[in-house]
Amino acid sequence: MNLSQQTQQTLTDAASNRHLDWLESEAIHIMREVAAECSNPVLLFSGGKDSVVLLRLAEKAFRPGPFPFPLMHIDTGHNFDEVITFRDRRVSELGEKLVVRLVEDSIRRGTVRLRNPATDSRNAAQAVTLLEAIEEFKFDACIGGARRDEEKARAKERIFSFRDEFGQWNPKAQRPELWDLYNTCVHSGQNIRVFPISNWTELDVWQYIEREQLALPSIYFAHQRDVIPRNGLLVPLTPLTPARDGEQVVSQQVRFRTVGDISCTCPVASEAATVADIIAETAITQITERGATRMDDQTSEASMEKRKKEGYF
């Protein structure tokens, strides 16, 4: 490559990253606004790709000092081992405090009741444990990695999304956010859910991961796994998600677009072994990541909105 070609490539790379600079700047502004205006915020970190991006944004917003908030994970107990291992390693590298609260503890207290606690999905039950943790620590703002392009209900939500004293969300009673001005005033018992990357798309996230060279759990990349074709999804074969009578188990090259509770999270068929490969796949996909991978979102078109009204993140 000669000097002219190198210059042109540099200009092309700068132009292609310009939107990421804008998104990053907006997200850093939102995080600093939370730190300045809220008395006791927390950043939710699960080890997933969106929360990994949030950690990098927090580093850029507050380093070299410590984060002005702890990290918290609401753990269903039904997580992929690769994700939990990555979560603990990343927190250790950052030297930040991680608060973990378990859905299992809510089950023992009787605040969460499942027909079969050993096998039933605990995904929706996270809302109860989250509200209990908010009450325990008196958090007034929870920073999370939800994005509007993930699902219809999330597309309705503001960047600063208010919850009442019962932890519930009313999509018809949200505050305007004009000119990037955010109203952070809450009364006793109320709290805010804050989404710094709300305006990002799945493609933006992966492009940012590539640009920042961010590490991720291995299951985001193509690997061989036993899966069960079911209702248009590839259900991972695990003790929590066994094959049903008459179903066939196949070994297939897959990757996860999103990671969550094993009982409701499915991989997709993929050969993408690098971030660049994933970006190429994501650029042409026509199905949202939750639409392609979450069994619990397929129960009805309003399932996510119903869970959010009850306190789900």
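See the structure printed just above.
Presented here is an overview of the structure given in this document. Keep in mind that this is a model prediction, so the values were computed, not measured.

Digging into the sheet that holds strand β7 (residues 223–230)
One open sheet holds the 4 strands; their spatial order is β8-β7-β9-β10, and the pairing between them is antiparallel. Only two strands of the sheet have a single partner each, and these edge strands are β8 (233–236) and β10 (268–269). Strand direction decides the pairing type here: strand β9 (residues 250–255) and β10, joined by 2 bridges, are antiparallel. Its bridge partner being in β10, valine 254 is matched across the sheet by alanine 269.

Observations regarding the nonpolar core
Leu43, Val53, Leu57, Phe160 and Trp200 are the most contacted members of the largest nonpolar core, which has 53 residues in total. Put simply, the parts of the chain that give this core at least two residues each are α2 (18–37), α3 (49–62), α4 (81–94), β4 (141–143), β5 (160–163), β6 (191–194), α8 (202–212) and α9 (275–284). Per-element tally for this core: the top contributor is α3, with 8 residues. Those residues within four positions of phenylalanine 160 in sequence are excluded, and the remaining contacts are Ile30, Glu33, Val34, Glu177, Tyr182, Thr184, Ile192, Arg193 and Val194. In terms of nonpolar packing, the next biggest core, distinct from the first, is built from 14 residues, Val42, Met72, Ile74 and Val103 among them.

Quick look at α2
In this model, α2 (20 residues) spans 29 Å end to end at C-alpha, consistent with the 28 Å of a helix rising 1.5 Å per residue. Taken together, the buried residues of α2 touch β1 (41–44), α3, β4, β5, β6 and α8.

Observations regarding the packing of aromatic side chains
Taken as a whole and assessed by the stated rule, the structure comprises 8 aromatic pairs. Measuring from centroid to centroid gives 5.6 Å for phenylalanine 62 and phenylalanine 69, while their planes differ by 85 degrees, and the two rings are edge-to-face. A single burial state applies to phenylalanine 62 and to phenylalanine 69, both of which are buried. Each ring, one from tryptophan 200 and one from tyrosine 208, has its centre 5.2 Å from the other, and the planes form 80 degrees; the classification is edge-to-face. Like tryptophan 200, the residue tyrosine 208 is buried in the burial classification. Taken together, the ring pairs in this structure connect Phe62, Phe67 and Phe69 into an aromatic cluster.

Here we look at the side chain of threonine 265
The residue threonine 265 is located in the loop between β9 and β10 in this model. Relative accessible area serves as the criterion here: at 0%, threonine 265 is assigned to the buried category. A distance of 2.8 Å separates a polar atom in the side chain of threonine 265 from the backbone oxygen of aspartate 261.

Quick look at α9
Three- or four-residue spacings in an α-helix give side chains the same orientation, since the helix completes a turn every 3.6 residues. Within α9, the full set of buried residues consists of Val275, Ile278, Ile279 and Thr282. Seen along its axis, α9 keeps its buried residues to an arc of 105 degrees; they face one direction. Looking at the packing, one finds that the buried side of α9 touches α8 and β9.

Reading the values: the criteria
Residues numbered from 1 in each chain as written. Predicted model: local features only at pLDDT ≥ 70, side-chain atom pairs only at ≥ 80, totals over all residues. Heavy atoms only, no water. Pairing = 2+ DSSP bridges. Helix = DSSP H or I, 4+ residues; strand = E, 2+ residues; numbered from the N terminus. Core = buried A, V, L, I, M, F, W, Y, C linked by side-chain atoms within 4.5 Å. Buried < 20%, exposed > 50% of the residue type's maximum accessible area, 1.4 Å probe, protein only. Contact = heavy atoms within 4.5 Å. Expected span 1.5 Å × (residues − 1). Phe/Tyr/Trp six-rings, centres within 6.5 Å; stacked < 30°, edge-to-face > 60°. Polar contact = N/O pair within 3.5 Å; in protein donor to acceptor, adjacent residues only side chain to side chain. Arc of directions from axis to C-beta.

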